[in-house]
Amino acid sequence: MPSSDSLSGLMKWLRREPWGDAFGELLERHLGPACDKADVPLEELGDVIGDHWMMTLWGCAFEDFLTREVEGAGNIVDDYLKRRGWNEKAMNKAYMTALRSSVISLYEASDIRPGESF
C-alpha cells in the first residue's frame, strides 16, 4: 500500500483555488461543532489535543474531501490526476483513484475475545 507520502502532491494541490477554501469549510463542518461545544477555537485544537491527534483528525477530513465534488470545480483527485497524474507512479494513481470513490466509516469494537474475534 502506498505511504502517506503518495498523497503529498494532493496535499500541495490544496493550496490552489478553489480547493483550499472548500477544504477549510469541510474541516469546519467536521470539527467545528465539537470545538464550539468545548469552547476551543479550531485554530487552537492542536494545542489542546496535541499535534498528533490534530493531524489524525485533519487526515480524516482530508480523505473525506477527496471524495467530494466542489461546485463549479469538480473533484480534487480528478483535477490533480488530469494535470499532474503523469508525474505519479501507477500505484499512487491507483491509490488516489480508490480514495476518490471511498466512503468514510467508523467501526466500534463491541466484544473482544483474544485469539478468537472482535
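So, a few notes on the structure that sits alongside this text. Small disclaimer: the values here were computed from a predicted structure and weren't measured.

For the rest of this paragraph, the subject is the overall build of the chain. Per the secondary structure count, the chain includes 6 helices and 0 strands. Secondary structure elements of the chain occur, N-terminal to C-terminal, as α-α-α-α-α-α. Residue pairs in contact within the chain that sit at least 24 positions apart in sequence constitute 62% of those at least 6 positions apart. Carbon and sulfur atoms make up 54% of the accessible area of the chain, which totals about 8400 Å². Treating the 13 positive side-chain charges of the chain as one cloud and the 21 negative ones as another, the clouds have centres 11 Å apart.

On the secondary structure map, Asn 87 appears in the loop between α5 (76–84) and α6 (90–100). Its relative accessible area of 43% is what places Asn 87 among the partly exposed residues. Along the sequence, Asn 87 and Gly 9 sit 78 residues apart, while their C-alpha atoms lie 9.5 Å from each other.

We now examine the nonpolar core. Inside soluble globular proteins, nonpolar side chains tend to come together where they are buried. Counting residues in hydrophobic clusters, the biggest one holds 27 residues, and the most contacted among them are Leu 10, Leu 14, Phe 23, Phe 62, Phe 65 and Ile 76. Broken down by secondary-structure element, the contributors of at least two residues to this core are α1 (8–13), α2 (19–38), α4 (51–65), α5 and α6. A per-element tally of this core places α2 first, with 7 residues.

So, about the environment of Asp 79. By the element assignment, Asp 79 lies in helix α5. Residue classification places Asp 79 among the buried positions, given a relative accessible area of 14%. In this structure the C-alpha to C-alpha distance between Asp 79 and Leu 10, which are 69 residues apart in sequence, comes to 9.7 Å. Ignoring anything within four residues of it in the chain, the contact list for Asp 79 reads Trp 13 and Trp 19.

Here the focus is a nonpolar patch on the surface. Taken together, the side chains of Val 48, Ile 49, Trp 53 and Leu 57 define a hydrophobic patch exposed on the protein surface, amounting to about 370 Å² of accessible area. Sorting the residues of the nonpolar patch by element identifies α3 (45–49) and α4 as the ones contributing at least two each. Here Val 48 is to be found in helix α3. Residue Val 48 is classed as exposed on the basis of its relative accessible area, which comes to 55%.

So, how was this worked out
- Residues numbered from 1 in each chain as written.
- Predicted model: local features only at pLDDT ≥ 70, side-chain atom pairs only at ≥ 80, totals over all residues.
- Heavy atoms only, no water.
- Helix = DSSP H or I, 4+ residues; strand = E, 2+ residues; numbered from the N terminus.
- Contact = heavy atoms within 4.5 Å.
- Areas by Shrake-Rupley, 256 points an atom, 1.4 Å probe, with all protein chains shown as cover.
- Lys, Arg positive; Asp, Glu negative; His and termini not counted.
- Charge placed at Lys NZ, Arg CZ, Asp CG, Glu CD.
- Buried < 20%, exposed > 50% of the residue type's maximum accessible area, 1.4 Å probe, protein only.
- Core = buried A, V, L, I, M, F, W, Y, C linked by side-chain atoms within 4.5 Å.
- Patch = residues over 30% accessible without salt bridge, like charges linked within 9 Å, V, L, I, M, F, W, Y side chains within 5 Å.
- Salt bridge = Lys/Arg side-chain N within 4 Å of Asp/Glu carboxyl O.

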